[in-house]
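# Summary of structural features
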Amino acid sequence: SHAEHNLMSWALSCHSLRHHYKGVQGTFWTEHVCDISYVDYLAYPRLIAIAETGWSPLEKPGFNEFLRRFRHEAGILQMRGFNFGKHYLPQESK
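What you are looking at is a predicted structure, and each value in this text was computed from that prediction instead of being measured.

It is worth spelling out unusual backbone geometry at this point. Negative phi is the rule for most residues except glycine; trans is the rule for most peptide bonds. A cis amide bond links Y44 to the next residue, P45, at an omega of 15°. Structurally, the position occupied by P45 is in the loop between α2 (36-43) and α3 (46-55).

If you want it as structure tokens, here you go:
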């Protein structure tokens, strides 16, 4: 949520707390997933967004900039045969 994001931004900007944070985590429950193609679909683009959160500065660009970068990543995923969530891509890219 927006409130959680603001809290995390505050915590990471507070120098005295930075030593508590070692990276990012994205929980992924698969107890009802029995097909690797469906795992790919559920994981991407979420996994890319989580990874980007970990290496980007706090003042990172917004969602529209992520979508621009994801279009490039989507081409790589498609080339490598991954099934992925295409709902954020422009109609012509699907």
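The structure having been displayed, the exposition proceeds.
What follows is about the environment of T53. In this structure, T53 sits in helix α3. Note: C-alpha distance between T53 and V24 (29 residues apart in sequence) is 7.6 Å.

What follows concerns the side chain of D40. Tracing the chain through its elements places D40 in helix α2. Buried charge without a partner: D40 forms no salt bridge, and the closest opposite charge is K86, 9.8 Å away. The contact partners of D40, leaving out residues within four places of it in the chain, are F82, N83 and F84.

Here we take up the side chain of E52. Mapped onto the secondary structure, E52 falls in helix α3. For E52, a relative accessible area of 11% gives the class buried. Each residue touching E52, except ones within four places of it in the same chain, is listed here: F66 and R69.

Okay, the environment of V24 next. By secondary structure assignment, the location of V24 is in the loop between α1 (2-13) and α2. Separated by 27 residues in sequence, V24 and A51 place their C-alpha atoms 7.6 Å apart. Sequence-distant contacts of V24, that is, excluding residues within four places in its chain, are made with I50, T53 and G54.

Rules and cut-offs
Residues numbered from 1 in each chain as written. Predicted model: local features only at pLDDT ≥ 70, side-chain atom pairs only at ≥ 80, totals over all residues. Heavy atoms only, no water. Helix = DSSP H or I, 4+ residues; strand = E, 2+ residues; numbered from the N terminus. Buried < 20%, exposed > 50% of the residue type's maximum accessible area, 1.4 Å probe, protein only. Lys, Arg positive; Asp, Glu negative; His and termini not counted. Salt bridge = Lys/Arg side-chain N within 4 Å of Asp/Glu carboxyl O. Contact = heavy atoms within 4.5 Å.

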